[in-house]
Amino acid sequence: MYCDLHTHSTASDGTDAPGDLPLLAKRAGLSAIALTDHDTTDGIPAFIEAAGRVGIEAAAGIELSADPAPLFDDDGRQHLGTLHILGYFIRHDAPHLSEVEARLREARAQRNPQMIARLKELGMDIDYDEVIAAADGSIVGRPHIGQVLMHKGYVKSIHEAFLKYLGQTGEAYVRKDRLSAEEAIAAIHEADGLAVLAHPTQLGIDSAAQLEHAVAKLKKLGLDGIETRHSDHAPRDTEQFGRLAGKLDLVTTGGSDYHGSRKTVSLGGQKVPFAMYENLLEVHRQRGGG
Ligand SMILES: [Zn+2]
Ligand SMILES: [Zn+2]
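Definitions and limits used
- Residues numbered from 1 in each chain as written.
- Chains lettered and ligands numbered in written order.
- Predicted model: local features only at pLDDT ≥ 70, side-chain atom pairs only at ≥ 80, totals over all residues.
- Pairing = 2+ DSSP bridges.
- Helix = DSSP H or I, 4+ residues; strand = E, 2+ residues; numbered from the N terminus.
- Domains from an automatic or database assignment.
- Core = buried A, V, L, I, M, F, W, Y, C linked by C-beta atoms within 7 Å.
- Buried ≥ 20, exposed ≤ 12 C-beta atoms within 10 Å, placed from the backbone.
- Contact = placed C-beta atoms within 7 Å.
- Right-handed = clockwise from strand over helix to strand, strands pointing away.

The next thing to look at is the sheet that holds strand β3 (residues 57-66). Overall, mixed pairing links the eight strands, which are arranged β7-β6-β5-β4-β3-β2-β1-β8 in an open sheet. Single-partner strands in this sheet number two, and they are β7 (251-254) and β8 (272-273).

See below:
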């Protein structure tokens, strides 16, 4: 028996509706599935309702993006890694979590106009409507701003646009408003969920000692578990993270990080034992949740 504890729906950047995932999971031979959309729980009600209808175990989840910088001792240095924290068995309508989601949504909506305002200050003729047109119906992002800059002859390529203006060291760059790891874990706990470090390889830490140091910091902030199985992990990563979980007394989880047809990863592709789901549920019960 298998489960998949890391999936995305159209509520974030997946291509399957949240209400379709339970049936797809059942057809893929899974006994449990968790929905973990980026920074939103909008898909949870439809997902849980469908899981009940289809007859499959389901966990309400979320995947919050947080700022990885404080995990490193050399705080000021630039880290290109990403820190994602999964929440499991959350109350999707918990007030603090809803506030956090609203704040992140607002920050995303503000960021592109802020970057365009900076480009204008730098003397460029560009406005938001042109960028929206360049996006042609997809979610507006920096590549579309780059496209407009290129078409207007300010840069020769989108790469140059990132280098000079839109990348982390560019003149018009506006930081993403990111949660701290502490805020992300607290929001998940306030919603009675368990907080799990997603795909540790994406933190971009090469040394095992440094990774342990970073995960130990997260554990101090209340982290409950580590995602050991993931489509990006080689078998030796899974082993390493499993050992680390044992050492730091963290639960282990796993999932495919399925995004529908947007990525090549398939639902249930990680062969995660159903026992991982049961164990997670048991830890959640012990902590007094649901
Ligand atoms: Zn992620
Ligand atoms: Zn994900």
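Let's pick the thread back up.
Domain assignment breaks the protein chain into domain 1 (2-94 + 191-286) and domain 2 (106-166). Put simply, the middle of domain 1 and the middle of domain 2, counted by C-alpha atoms, are 32 Å apart.

As a further point, take the nonpolar core. Counting residues in each nonpolar core, the largest one holds 58 residues, and the members touching the most others are Ile-85, Tyr-88, Ala-184 and Val-196. In terms of residue count, the dominant contributor to this core is β3 (six residues). In this structure Tyr-88 touches Ala-34, Ala-59, Gly-61, Gly-193, Leu-194, Val-196 and Leu-280, once residues within four positions along its chain are discounted. Membership of the second largest hydrophobic core comes to 14 residues, among which are Ile-116, Ile-126, Val-148 and Tyr-165.

What follows concerns the pairing of strand β2 (residues 30-35). Counting buried positions along β2 yields five of six residues, so the element is predominantly enclosed. Bridge analysis of strand β1 (residues 2-4) against β2 gives three bridges, and the strand direction is parallel. Looking at the pairing, Asp-4 lines up with Ile-33 of β2. Remark: the β1/helix α1 (residues 21-27)/β2 crossover connection has right-handed handedness.

Tracing the backbone shows Tyr-277 in helix α10 (residues 274-286). Among the residues examined, Tyr-277 registers 26 C-beta atoms within 10 Å and is labelled buried. Residues Tyr-277 and Thr-252, 25 residues apart in the sequence, show an inter-C-alpha distance of 9.3 Å. When near neighbours in sequence (up to four residues on either side) are disregarded, Tyr-277 contacts Cys-3, Leu-5, Ala-32 and Glu-57.

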